[in-house]
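Remarks on the overall topology
Each chain is listed here by its residues.
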Amino acid sequence: MFSLTKNPLSLFAIKGTEGIGITFLAKCTFGDLVNLVDIAPIDLAPEDKLQRDPTPARIKGISNYLISRKNTIFPEIILGITKANFESMAVDTKTGMEIGHIHLDADTPAILVDGQGRRLGIESAINTFPHLASNCIDLKIIVTETTSITEAKGLLRQVFSDLHKKIVKPSGSTNLYFDRAVNSSNFLASTLESLKSKNSEAITFFNLISIEGKNTHPYTLAQLSKFVQCFTGMSLSEQNKTFNDDAVFEFNQRIVRLYLNQILQTFPELTTLIGKKEVTQGRELSIIPTAIWLEALGYVGRSILYKSILYKKPVDFSVLNHISNFNFSRANPVLSGVVIHDNKIIKSSAKKLAMILIDHLGLPLDPKVKI
């Protein structure tokens with residue numbers, strides 16, 4: 001019913017005890033993993049499955065990750081196998097852990113309890129770039145000491161469940177801030193960091209952004225990312241290509257920084273909207289501390305840039321001052337039915353708000369930007 005190991009494999013391993021009993025931690029090459037075991041058959045009846053089936057999108061994503069990046073890393077893969085021989089070489093008397101060789105025979109019932117997507121993605125990547133076969137990955141091995149994998153289904157299902165049932169994924173904003181290998185994320189995070197003042201008491205646009213995606217700030221980093229897309233007129237994929245050029249990267253960063261500073265000068269009330277209570281109260285009255293408003297300001301900035309190109313004049317972001325007294329209250333009848341309905345923000349209304357502001361400022365609309 002389940003896969004059998006295809007080839008024998010011996011690995012250096014550490015033997016130790018966890019809550020479920022003895023486990024082994026080894027490191028093997030991508031090539032050895034692919035040659036060791038296949039994934040469980042996907043045509044098994046639902047009641048016979050011990051974990052979820054890998055999805056094509058997940059497999060492709062892993063393959064692309066390995067093909068397009070050099071600085072890659074994976075969490076451990078977990079292998080359940082009915083039997084294995086461990087040859088101890090040394091024992092740590094303090095912890096009881098042992099170091100030695102674990103020998104996995106061919107034709108032994110086995111299953112990847114966690115890591116089927118990685119296993120297939122790795123194989124796909126090796127088919128494109130064979131040199132990746134020498135890369136390594138950690139392998140945790142659970143020896144069931146049963147004649148079949150099915151006999152240990154209770155244990156293995158619980159392992160899979162324990163690994164996934166209470167996973168708390170990082171917010172989109174956190175991922176954007178941490179992922180410096182992607183040009184668009186690196187541009188966003190480094191631009192934000194460049195706005196931080198050395199004076200701890202000074203408030204800049206840096207202080208208005210939540211890197212963790214929390215409601216303690218007017219905006220999240222993910223929302224700032226959308227702002228940058230609207231302002232530059234570039235999607236994330238376009239940014240990833242365009243920002244390969246250091247000069248272009250730095251030029252765009254300087255322009256974004258100038259515009260964000262102008263926004264803060266035009267709307268100094270933003271400096272009072274830091275803290276969960278302040279943000280909540282601010283949103284009850286105004287649309288300024290909302291994602292829709294920030295996105296709309298991105299489109300406005302794009303029109304300011306287009307005007308300078310159209311009339312061949314220096315960029316003048318101070319034109320934004322002409323909407324400093326615009327009524328952004330939720331009670332403003334101009335916004336009713338366009339941005340606000342029943343005192344709630346209408347989703348995807350940023351473009352409509354942008355058109356109101358662009359018209360109010362008498363700015364030309366960049367024909368490349370679809371609003």
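Notes on the structure in this doc start here. (Residues numbered from 1 in each chain as written. Predicted model: local features only at pLDDT ≥ 70, side-chain atom pairs only at ≥ 80, totals over all residues. Heavy atoms only, no water.)

1. Here we look at the overall build of the protein
To keep it simple, the criterion reads: Going along the chain from the N terminus, every DSSP run of H or I of four or more residues is numbered as a helix, and every run of E of two or more is numbered as a strand. The classification of residues rests on relative accessible area computed with a 1.4 Å probe and restricted to protein chains. Under 20% of the type maximum is buried, over 50% is exposed, and intermediate values are partly exposed. Only heavy atoms matter for contacts: two residues are in contact if any of them lie within 4.5 Å across the pair. Note on areas: Shrake-Rupley, 1.4 Å probe, and residue coverage restricted to the protein chains presented here.
Along the backbone of the protein there are 12 helices and 11 strands. Seen through its C-alpha atoms, the protein measures out along the principal axes to roughly 75 × 45 × 40 Å. Put simply, the protein has 371 residues, and 44% of those count as buried. A sequence separation of at least 24 residues applies to 72% of the contacts in the protein between residues at least 6 apart. Total accessible area on the protein stands at roughly 19,700 Å², and carbon and sulfur atoms take up 54% of it.

2. Section: empty space enclosed by the protein
What counts, and what does not: Think of a 1 Å grid over just the protein atoms. A cavity is a set of points where a 1.4 Å probe fits yet cannot get out, a pocket is an open set with protein on both sides within 12 Å along at least five of seven lines, and lining residues have an atom within 4 Å of a point. Grid points are joined across faces, edges and corners, and a volume is the space filled by probe spheres set on the points. Note on residue classes: Ala, Val, Leu, Ile, Met, Phe, Trp, Tyr, Cys and Pro are nonpolar, Asp, Glu, Lys and Arg are charged, and everything else, Gly too, is polar.
Taken as a whole, this structure holds 1 cavity of 30 Å³ or more when the rule is applied. The calculated volume of the largest cavity comes to roughly 50 Å³. Lining the largest cavity we find 11 residues, and of these Ala40, Lys49, Leu50, Gln51 and Asp53 sit closest to its centre. A class-by-class count of the residues in the lining of the largest cavity yields 6 nonpolar, 2 polar and 3 charged.

3. Observations regarding the layout of surface pockets
Rolling a probe over the atoms, with the probe sized like a water molecule, indicates the empty space that remains. The calculated volume of the largest pocket comes to roughly 720 Å³. The wall of the largest pocket is formed by 24 residues, among which Arg52, Arg58, Asp114, Arg118 and His164 lie closest to the centre. Of all the secondary-structure elements, those providing two or more residues to the lining of the largest pocket are helix H2 (56-68), helix H3 (116-128) and helix H4 (153-164). Partitioning the lining of the largest pocket into residue classes produces 10 nonpolar, 7 polar and 7 charged.

4. Details of the pairing of strand S2 (residues 21-29)
Two faces, one strand: in a regular strand the side chains alternate between the faces of the sheet. Our working definition: By this definition, two strands are paired if DSSP reports at least two bridges between them.
Here 6 bridges tie strand S1 (residues 9-18) to S2, and the two strands are oriented antiparallel to one another. Counted as the bridge partner of isoleucine 14 is leucine 25 from S2. As consecutive antiparallel partners, S1 and S2 are separated by 2 residues. With 6 bridges joining them, S2 and strand S7 (residues 136-143) adopt antiparallel strand pairing. Looking at S7, one finds that alanine 26 is bridged to leucine 139.

5. Remarks on the packing of H2 against H3
Put simply, the test is: Angles shown run from 0 to 180 degrees and are taken between the N-to-C directions of axes, each axis being a line fitted to C-alpha atoms and, for helices, limited to the stretch in contact. We call two directions roughly parallel when the angle between them is under 35 degrees, roughly antiparallel when it is over 145, roughly perpendicular when it lies between 65 and 115, and oblique otherwise. Left-handed describes a crossing whose near helix is turned anticlockwise from the far helix by less than a right angle; the clockwise case is right-handed.
Packing of H2 against H3 leaves a shortest axis separation of 8 Å and a crossing angle of 45 degrees. Classified by the angle their axes make, H2 and H3 are oblique. Judged by the sense of rotation from one axis to the other, the crossing of H2 with H3 is right-handed. Contacts from Arg58, Ile59, Ile62, Ser63, Leu66 and Ile67 in H2 reach Gly117, Arg118, Leu120, Gly121, Ile122, Ser124, Ala125 and Thr128 in H3. Its residues assigned to classes, the contact of H2 with H3 shows 7 nonpolar, 5 polar and 2 charged.

6. Here's the deal with H3
Spelled out, the test is: An expected span of 1.5 Å times one less than the residue number is assigned to each helix.
Between its first and last C-alpha, H3 extends 19 Å over 13 residues, near the 18 Å set by a 1.5 Å rise per residue. Those residues of H3 that fall on the buried side of the exposure criterion are Gln116, Gly117, Arg118, Arg119, Leu120, Gly121, Ile122, Ala125 and Ile126. On the buried face of H3, the contacting elements are helix H1 (30-36), H2, strand S3 (77-81), strand S6 (110-114) and S7.

7. Points about the environment of proline 218
Take proline 218: it is sitting in the loop between strand S8 (209-210) and strand S9 (219-220). The spacing of proline 218 and glutamate 278 is 60 residues in sequence and 9.0 Å in space, taken between C-alpha atoms. Sequence-distant contacts of proline 218, defined by excluding residues within four places in its chain, comprise Leu208, Gln223, Leu273, Val279, Arg283 and Pro289.

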